[in-house]
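# What the coordinates show
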Amino acid sequence: METTLIKINSTDETEKLLFAAEILRRGGLVAIPTETVYGLAANALDASAVRGIFRAKGRPADNPLIVHIASFEELGPLVSSVPEKAVKLARAFWPGPLTMVLPKSDLVPGEVTCGLPSVAVRMPSHPIANAVIRAAGAPLAAPSANASGKPSPTAAAHVLHDLSGKIDAVVDGGPCDVGVESTVITLCTEIPTVLRPGGVTVRQLREIIGQVDVHPSVFKELEGGAKPASPGMKYRHYSPSADITVVRGGLDAFAEYVRDHQSASCAVLCFDGEERRFGCETFTYGKKDDPKSQARRLYGALRQIDESDVKRVFARCPDPVAAQAVYNRLLRAAGFKIQILE
Ligand code: TXA
Ligand code: MG
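Now for a description of the structure that goes with this document. Please read all numbers here as calculations on a predicted model, not as lab measurements. (Residues numbered from 1 in each chain as written. Chains lettered and ligands numbered in written order. Predicted model: local features only at pLDDT ≥ 70, side-chain atom pairs only at ≥ 80, totals over all residues. Heavy atoms only, no water.)

## Quick notes on the overall build of the protein
Stated formally: The helix and strand labels rest on DSSP assignments: H or I over at least four residues marks a helix, E over at least two residues marks a strand, and numbering proceeds from the N terminus. Here the radius of gyration uses the C-alpha set of atoms, whereas the globule reference equals 2.2 Å times the residue count to the power 0.38. In this scheme, a residue with accessible area under 20% of its type's maximum is buried, one over 50% is exposed, and one in between is partly exposed, where area comes from a 1.4 Å probe on protein chains only. Any two residues having at least one pair of non-hydrogen atoms within 4.5 Å are treated as being in contact.
A count of helices and strands for the protein gives 10 helices and 16 strands. Expected size for 342 residues packed as a compact globule is a radius of gyration near 20 Å; at 20 Å, the protein falls within 12% of this value. Its C-alpha atoms put the protein at 60 × 45 × 35 Å along the principal axes. Residues classed as buried in the protein amount to 56% of the 342 residues present. Of all intrachain contacts in the protein linking residues separated by at least 6 positions in sequence, the fraction that spans at least 24 positions is 67%.

## Some remarks on the site of ligand 1
Applicable threshold: Residues are classed as near a molecule or strand on a simple rule: at least one heavy atom within 4 Å of it. By the criterion applied in these results, polar contacts are pairs of N or O atoms within 3.5 Å in which, for protein atoms, one can donate a hydrogen and the other can accept it, and in which residues neighboring in sequence qualify only through two side-chain atoms.
Ligand 1 sits among 26 residues. The nearest are Thr36, Arg59, Asn63, His68 and Ser182. In this structure, an oxygen atom belonging to ligand 1 sits 3.0 Å away from a side-chain N or O atom of Ser144. Arg196 is positioned with one of its side-chain polar atoms (N or O) 2.9 Å from an oxygen atom of ligand 1. Of all elements in the fold, only strand S4 (66-68), strand S6 (118-122) and strand S10 (193-196) reach the threshold of two or more residues within the shell around ligand 1.

## A short note on the layout of surface pockets
Counted only if it meets this: A pocket, in this scheme, is an open set of points on a 1 Å grid over the protein atoms alone with protein on both sides within 12 Å along at least 5 of 7 lines, while a cavity is a set where a 1.4 Å probe fits but cannot get out; residues line either one if an atom lies within 4 Å of a point. Grid points are joined across faces, edges and corners, and a volume is the space filled by probe spheres set on the points.
For the second largest pocket, the calculated volume is near 370 Å³. Every residue lining the second largest pocket is counted, 19 residues in all, and those nearest its centre are Val178, Gly198, Gly199, Lys292 and Ala295. Counting residues per element, the ones that place at least two in the lining of the second largest pocket are helix H9 (291-307) and helix H10 (324-333). Take the lining of the second largest pocket: its biggest share by element is 4 residues, from H9.

## A few points about the packing of aromatic side chains
So the rule is basically this: Only Phe, Tyr and Trp rings are paired, with Trp represented by its six-membered ring, and only when their centres lie within 6.5 Å; those with planes under 30 degrees apart are stacked, over 60 edge-to-face, the remainder tilted.
Within this structure, the stated rule accounts for 4 aromatic pairs. Look at Phe254 and Phe278: their rings are 5.6 Å apart centre to centre, the planes differ by 80°, and that puts the pair in the edge-to-face class. A residue pair is termed long-range when its members are at least 10 positions apart, and Phe254 in helix H8 (residues 251-261) and Phe278 in the loop between strand S13 (266-270) and strand S14 (281-284) qualify at 24 residues. Phe254 gets classed as buried once you look at its relative accessible area, which sits at 0%.

## Topic: the nonpolar core
Put simply, the rule is: What makes a nonpolar core is a set of buried Ala, Val, Leu, Ile, Met, Phe, Trp, Tyr and Cys residues whose side-chain atoms join them at distances within 4.5 Å.
By size, the foremost hydrophobic cluster in this structure holds 47 residues, and its most contacted members are Met100 and Ile185. Counting residues per element, the ones that place at least two in this core are strand S3 (39-43), helix H2 (47-57), helix H3 (84-93), strand S5 (98-103), S6, helix H6 (156-163) and helix H7 (202-209). With 5 residues, the single largest contributor to this core is H2. Here Met100 is in contact with Ala86, Leu89, Ala90, Trp94, Val119, Ala120, Val121, Ile185 and Leu187, once residues within four sequence places are set aside.

## As for the side chain of Asp162
With respect to the helices and strands, Asp162 occurs in helix H6. Ignoring any residue separated from it by four or fewer positions in sequence, one finds Asp162 in contact with Asn146, Ala147, Lys150 and Arg303.

## A look at the packing of helix H1 (residues 14-25) against helix H5 (residues 127-136)
As a reminder of what qualifies: Axis lines are fitted through C-alpha atoms, for helices just across the contact stretch, and the angle between N-to-C directions can take any value from 0 to 180 degrees. What sets the label is the angle itself: under 35 degrees gives roughly parallel, over 145 gives roughly antiparallel, 65 to 115 gives roughly perpendicular, and the rest give oblique. Put simply, a crossing is left-handed when the front helix is turned counterclockwise from the back one by less than a right angle, and right-handed when it is turned clockwise. For this scheme, ten residues count as nonpolar: Ala, Val, Leu, Ile, Met, Phe, Trp, Tyr, Cys and Pro. Four count as charged, namely Asp, Glu, Lys and Arg, and the remainder, Gly too, count as polar.
Between H1 and H5, whose axes approach to 8 Å, the crossing angle comes to 55°. Relative to H5, H1 is oriented oblique. Classified by chirality, the crossing of H5 by H1 is right-handed. Counted together, Leu17, Leu18, Ala21, Leu24 and Arg25 of H1 and Ile128, Ala131, Val132, Ala135 and Ala136 of H5 form the full contact between these two elements. Looking at side-chain class alone, the contact of H1 with H5 contains 9 nonpolar, no polar and 1 charged residues.

## Concerning the environment of Ser217
Tracing the chain through its elements places Ser217 in the loop between strand S11 (213-214) and strand S12 (243-248). Classification of Ser217 by relative accessible area gives buried; the value is 1%.

## A closer look at the side chain of Ser152
Counting through the fold element by element, Ser152 comes out in the loop between strand S7 (140-141) and H6. A distance of 3.5 Å separates polar atoms of two side chains, one belonging to Ser152 and the other to Ser144. When sequence neighbours within four positions are dropped, the list of residues in contact with Ser152 reads Val37, Ser144, Asn146, Glu181, Tyr299 and Arg303.

## Points about the pattern of salt bridges
As a reminder of what qualifies: Any carboxyl oxygen of Asp or Glu that lies within 4 Å of a side-chain nitrogen of Lys or Arg is treated as forming a salt bridge with it.
Within this structure, the stated rule accounts for 13 salt bridges. Asp252 is the salt-bridge partner of Arg277, the closest N and O atoms lying 2.8 Å from each other. Of this pair, Arg277 sits in the loop between S13 and S14 while Asp252 sits in helix H8, and the two are 25 residues apart along the sequence. According to the relative accessible area criterion, Arg277 is partly exposed, its value standing at 39%. Judged by relative accessible area, Asp252 falls into the exposed class, the value being 54%. Lys288 is the salt-bridge partner of Asp289, the closest N and O atoms lying 3.5 Å from each other. Here Asp289 falls in the exposed class, since its relative accessible area comes to 68%. Taken together, the shared-partner salt bridges in this structure form one network comprising Asp243, Arg312 and Lys337.

Next up, the structure:
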């Protein structure tokens, strides 16, 4: 199959939007930009289209998808009830990078939820995502638009790299603003629990609904028999071709650590402006005290490392609290290997 690239700069480009929507209506697969990462969309109510997503990505059959909506009214039919806390969270963070897991209704095919009794729903804030959902006239199931095992795509070029020839089209809406995936919170547990940190922080969530737990798997590898609350968490998600170690400490201590452990084909993943401190190849992922810029750059940097011949990477550690989502993704890319110098 040939993958069509549809460049859309504004929601005024109605013809192009309708073209993308028509593919979705016919049961096709279209990658769309969202504010977090690009998503690979299909009509969420079309079970056979949804099966296509799993095939194109090579996604494990037990990892459920997020359903994307464009207005709050679309939530009701997808779930069996809308708890008060969901209403409050929606009011505070939708449209935006928050996904809520709620008890599903019969309308949602088991293909979307992989047989789970719950469904994950999100209302993206990207105007083009919003316009495509409206034009398609249906909620869209969309996981990140990478091949399974690759970092999530934050640009249309990343999507084409992974999925060209396997999907009908890519809507190119430019680079993603947030850069890491949405926060996933389940409201199916007695205490709402964050299953994946993301654009909306745990602190922001607590300000709106009070007590919120964070699932233990967010910052450590699940023990052998432990049951993942979110099926996605049992996968390492992404295995970089290089061996990554996160090294936590000040810049001087970090540079000294690199000097002591350096070998051929090793590189450093550091913050902007730090490149000259190292005698080896460097990749950068944003500014040191700016979690937003780190989130925007992380996946692109990991893809650059994958394309290089680098075998071993020492990565500067983001602030585990201020940059919780970035820390979580980098730690996972490192297979939870962290060296603490302080
Ligand atoms: O920002 C995002 O969330 C992006 C954009 C495209 O919206 N999407 C995304 O989807 O990251 P994906 O499939 O890569 O991640 C979805 C996560 C997975 O970890 C999955 O296991 C979890 O959400 N999930 C989906 N349905 C669930 C459910 N019913 N219960 C628990 N976890 C669920
Ligand atoms: Mg994903």
